[in-house]
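Structural overview
Here are the chains, one letter per residue:
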Amino acid sequence: MLSAQGLVKRFGGITATNNVTLNLCRGARHALIGPNGAGKTTLINLLTGVLDPTEGRIMLDGHDITTMAPHQRVKRGMVRTFQINQLFDTLTPLQTLALTVSQYYGYGLQWWRPLGGNRDVTERCDQLLEQFHLSEVMNQPTHELAYGKRRLLEIAIALACEPRVLLLDEPVAGVPAGEREELLHTVAALPADVSVLLIEHDMDLVFNFAKRMTVMVNGAVLIEGDPDTIANDPQVKAVYLGTGEEVGPADEITGAEAHRV
Amino acid sequence: MKQSAQASLLRSSRLKLWEPAFWLIAMASPWLLSSQALIINEIAIVALFAISLDMILGYTGIVSLGHAAFLGMGAYSAALFAKLVMPDPLVGLLFAMFVSSLLGAICSLMILRGSDLTRLMVTLAMSLILMELANKLDWLTGGTDGLQGVVMGPLLGRFEFDLWGKTAASYSLSVTLLLFIQMRRLVNSPFGATLMAIRDNRLRAMAIGIPVNLRLATIYIFSAGIAGAAGALLAQTSAFASLDVFAFDRSADILLILVIGGAGWLYGGITGAIVFKLMQDILSSITPQYWTFWVGLFLVILVLAGRERLIRPWTWFGGTSHK
């Protein structure tokens, strides 16, 4: 479905991603892991069109989207979230979601009707607010919200675009422990044909979620495979998990360990 | 406690009670204060011009130091149209809006690139270039003498523009109100919301599928058209157009007006225009030479103290403001 081939991005003399190839099939639950500075976010920026690749090609549904503008990629169903919240600070969560849904439903140029004037939009907003526990704060300016709520809004905005390919850049970073599970549950409950690429440091989450994983180190793909393969790969243990100890998936590689690395 | 999204969203765009009252008083003011019709006319025009800037500045976050380019374009287009084509004010108004929008379309290509600083310079330069053009093309525009010999036809074929400015003030107020209604619709619409999204966070706006550059260009053209209407009103109600319509002061004045009244709020432009114009009028009659000093002092106090506190005198001494 989404396929990146040989992506290279250089900033001056620095090579941020080096010949990265990544394939997401329909309904993929794919995790992208790697130490800080491995080029994971750069890769997302390349995929979504925030950055232009120096070399390489990106295909979505068999179409070359390498030079396509970011908003056109969204129209084709590729949506992302940001590692650092990117919200509309002076608007309320309700306004934010209403405008996002309006844009998605094709009302973006409608200037004669009020924002709440489309029934389908407001119903979808109610549903999203409920789903992300934002109903209580829906009329507060976004910059006044607690961090956890803003993080939820960050994800809610992306899902309001009804993605077919969803790129999640550390979605639960900074989310209080109680809300984490919930958030991932929402992500896991996405329709089976939505492809998800997850960047995350919390290994518990990653191994629970992913059916397939890619490990990046220093801008290049180290290895790609299923979680078992990754967990038992000596190279991964050496560079990423830091120790050569015997570790199993999910249960033994804890979040704490991963953060220490 | 729990409200539906629809009710909450619609409440913010619903007409407040004081709004029709305000406009009724405004529309009646040329008759109530018939000796002040000229300044009422001026206030209406400046308010319209200020709101046109607010469309791009307050709502979309595009800075501009040269919005007078569109005011001037509208003024000269309307004046020339009346002189050379036909004297009907309404047709002239539409023509002027069209020409200014066209200029806006050309300029919009330049404001899409670069940083805010670039935009400040580019917009300023555009207005200066146009001013110099109007100066050089004196066979058409009258150069530094201004465009004279403009004779306006009666409004709707019936109402002559009189010397006391009653017709003029009513005309400007009506046009301002009509365009205000359009802009009020616009800022409360999905389209308006996408503009505010771009203002708040351009990166995210792109990431939810908003074609940012297209939106910026669209609102810039719209704003230019409105500014052109203000220019047309200015030229038509004075039957004159001179180079100062392009002047930097014009662009700066409406920035001050938005600072006074508040940007990103439609009535901010109107409030600011009223305060600014009255202050200018009153101060310059008290002290014709030094009135700008007092305007300047007022602005310094306004900015340092904040508008919120200035209009709440009871928060000045002791106690904390309950914001």
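Remember, it's a predicted structure, so these values are computed and weren't measured experimentally.

**Side note on the overall build of chain B**
- Helix and strand counts for chain B stand at 15 helices and 0 strands.
- Dimensions of chain B, computed from C-alpha atoms along their principal axes, come out at roughly 65 × 45 × 40 Å.
- Burial status across chain B gives 47% buried among its 323 residues.

**Considerations on the sheet that holds strand E9 (residues 212-217) of chain A**
Residues and elements named next belong to chain A.
- The 6 strands are arranged E6-E7-E8-E3-E9-E10 in an open sheet whose pairing can be described as mixed. Every interior strand has two partners, whereas the edge strands, strand E6 (78-80) and strand E10 (220-225), have only one. This sheet shows a mean twist of 15° between the axes of neighbouring strands, independent of strand direction.
- Relative to E9, strand E3 (residues 29-33) runs parallel, the two being bridged by 4 bridges. By the bridge assignment for E9, leucine 32 is matched with threonine 214.

**Things to note about the confidence of the model for chain B**
- Chain-level statistics for chain B give a pLDDT mean of 90 and a share of 97% at 70 or above.
- The ipTM, which scores confidence in the relative placement of chains, is 0.86 for this predicted complex, and the corresponding pTM is 0.89.

**Thoughts on the pairing of strand E7 (residues 165-169) of chain A**
All names here are of chain A.
- Buried residues dominate E7, accounting for 5 of its 5 residues.
- Relative to E7, E6 runs parallel, the two sharing 3 bridges. Bridged to valine 79 within E7 is leucine 166.
- Relative to strand E8 (residues 195-199), E7 is paired through 5 bridges, and the arrangement is parallel.

**A short note on the sheet that holds strand E2 (residues 14-24) of chain A**
Residue and element names in this part refer to chain A.
- Strand order across the open sheet formed by 4 strands is E2-E1-E4-E5, with antiparallel pairing between neighbours. A single partner strand is all that each edge strand has here, and the edge strands are E2 and strand E5 (63-64).
- Relative to E2, strand E1 (residues 2-11) runs antiparallel, the two being bridged by 7 bridges. When the bridges of E2 are listed, lysine 9 appears paired with threonine 17.

**Focus on the domain arrangement of chain A**
Residue and element names in this part refer to chain A.
- For chain A, the assigned domains read domain 1 (1-77 + 163-261) and domain 2 (86-162).
- Centre-to-centre separation of domain 1 and domain 2, based on C-alpha positions: 26 Å.
- If you look at the interface, domain 1 gives 10 residues, while domain 2 gives 9 residues.
- Examining the composition of the side of domain 1 that touches domain 2, we find that 3 residues originate from one element, helix H6 (residues 177-188), more than from any other.
- Taken together, the residues that form the side of domain 1 that touches domain 2 break down as 7 nonpolar, 2 polar and 1 charged.

**Notes on unusual backbone geometry**
Residue and element names in this part refer to chain A.
- Phi is positive for asparagine 19, which is not a glycine, with a value near 55°.
- Take asparagine 19: it is sitting in strand E2.
- Residues other than glycine seldom take positive phi values, yet glutamate 162 does so here, at roughly 45°.
- When you line up the elements, glutamate 162 lands in the loop between helix H5 (147-160) and E7.
- Judged by the 16 C-beta atoms lying within 10 Å of it, glutamate 162 is partly exposed.

**Description of the environment of A:Ala16**
Residues and elements named next belong to chain A.
- Of note, alanine 16 is situated in strand E2.
- Sequence-wise, alanine 16 and threonine 100 are 84 residues apart; in three dimensions their C-alpha atoms are separated by 31 Å.
- Excluding its chain neighbours within four sequence positions, the residues that come into contact with alanine 16 are Lys9, Phe11, Gly39, Thr42 and Gly219.

**Quick notes on the packing of helix H3 (residues 93-104) of chain A against helix H9 (residues 190-200) of chain B**
- Running from N to C, H3(A) and H9(B) point in directions that differ by 115°, and their axes come no closer than 9 Å. Comparing their axes, H9(B) and H3(A) come out roughly perpendicular. Of the two elements, H3(A) crosses H9(B), and the hand of that crossing is left-handed. Contacts between H3(A) and H9(B) involve A:Gln95, A:Ala98, A:Leu99, A:Ser102 and A:Gln103 from the first element and B:Pro190, B:Ala193, B:Thr194 and B:Ala197 from the second.

**Brief notes about the confidence of the model for chain A**
- Summing up the model confidence of chain A, the mean pLDDT is 86 and the portion of residues at 70 or higher is 92%.
- Predicted confidence is poor over residues 244-261 of chain A, with pLDDT under 50, and the contacts of this stretch with residues over four places away or in other chains come to 33 contacts.

**Notes on helix H1 (residues 5-13) of chain B**
- Of all the residues in H1(B), the buried ones are B:Ala5, B:Gln6 and B:Leu9. Within H1(B), the buried residues cover an arc of 95° as seen down the axis, which keeps them to one side. The outward face of H1(B), more than 90 degrees from its buried face, is lined by the exposed residues B:Ala7 and B:Arg11.
- Where the residues of H1(B) are buried, they touch H3 and helix H4 (119-131) of chain A.

**Examining H9(B)**
- Most of H9(B) sits inside the fold, with 10 of its 11 residues counted as buried.
- Every buried residue of H9(B) is listed here: B:Pro190, B:Phe191, B:Gly192, B:Ala193, B:Thr194, B:Leu195, B:Met196, B:Ala197, B:Ile198 and B:Arg199.
- Of the surrounding elements, those touching the buried residues of H9(B) are H3 of chain A together with helix H8 (166-187), helix H10 (202-207) and helix H11 (212-238) of chain B.

**Section: the pairing of E8(A)**
All names here are of chain A.
- With 5 of 5 residues buried, E8 lies mostly within the body of the structure.
- Neither face of E8 is left uncovered, since the one carrying Ser195, Leu197 and Ile199 and the one carrying Val196 and Leu198 both have all their residues buried.
- Bridge analysis of E3 against E8 gives 4 bridges, and the strand direction is parallel. Directly across from alanine 31, in E8, lies its bridge partner leucine 198.
- Between the parallel pair E7 and E8, the chain is carried across by H6, and the sense of this crossover is right-handed.

**Things to note about the environment of A:Ala231**
- Note that A:Ala231 resides in helix H8 (residues 227-232).
- Sequence-wise, A:Ala231 and A:Glu162 are 69 residues apart; in three dimensions their C-alpha atoms are separated by 32 Å.

Cut-off values and rules
Residues numbered from 1 in each chain as written. Chains lettered and ligands numbered in written order. Predicted model: local features only at pLDDT ≥ 70, side-chain atom pairs only at ≥ 80, totals over all residues. Helix = DSSP H or I, 4+ residues; strand = E, 2+ residues; numbered from the N terminus. Buried ≥ 20, exposed ≤ 12 C-beta atoms within 10 Å, placed from the backbone. Pairing = 2+ DSSP bridges. Axes fitted to C-alpha atoms, helices over the stretch in contact; angles between N-to-C directions. pLDDT = per-residue confidence, 0-100. Domains from an automatic or database assignment. Contact = placed C-beta atoms within 7 Å. Nonpolar A, V, L, I, M, F, W, Y, C, P; charged D, E, K, R; others polar. Parallel < 35°, antiparallel > 145°, perpendicular 65-115°, else oblique. Left-handed = near helix turned anticlockwise from the far one by under 90°. Arc of directions from axis to C-beta. Right-handed = clockwise from strand over helix to strand, strands pointing away.

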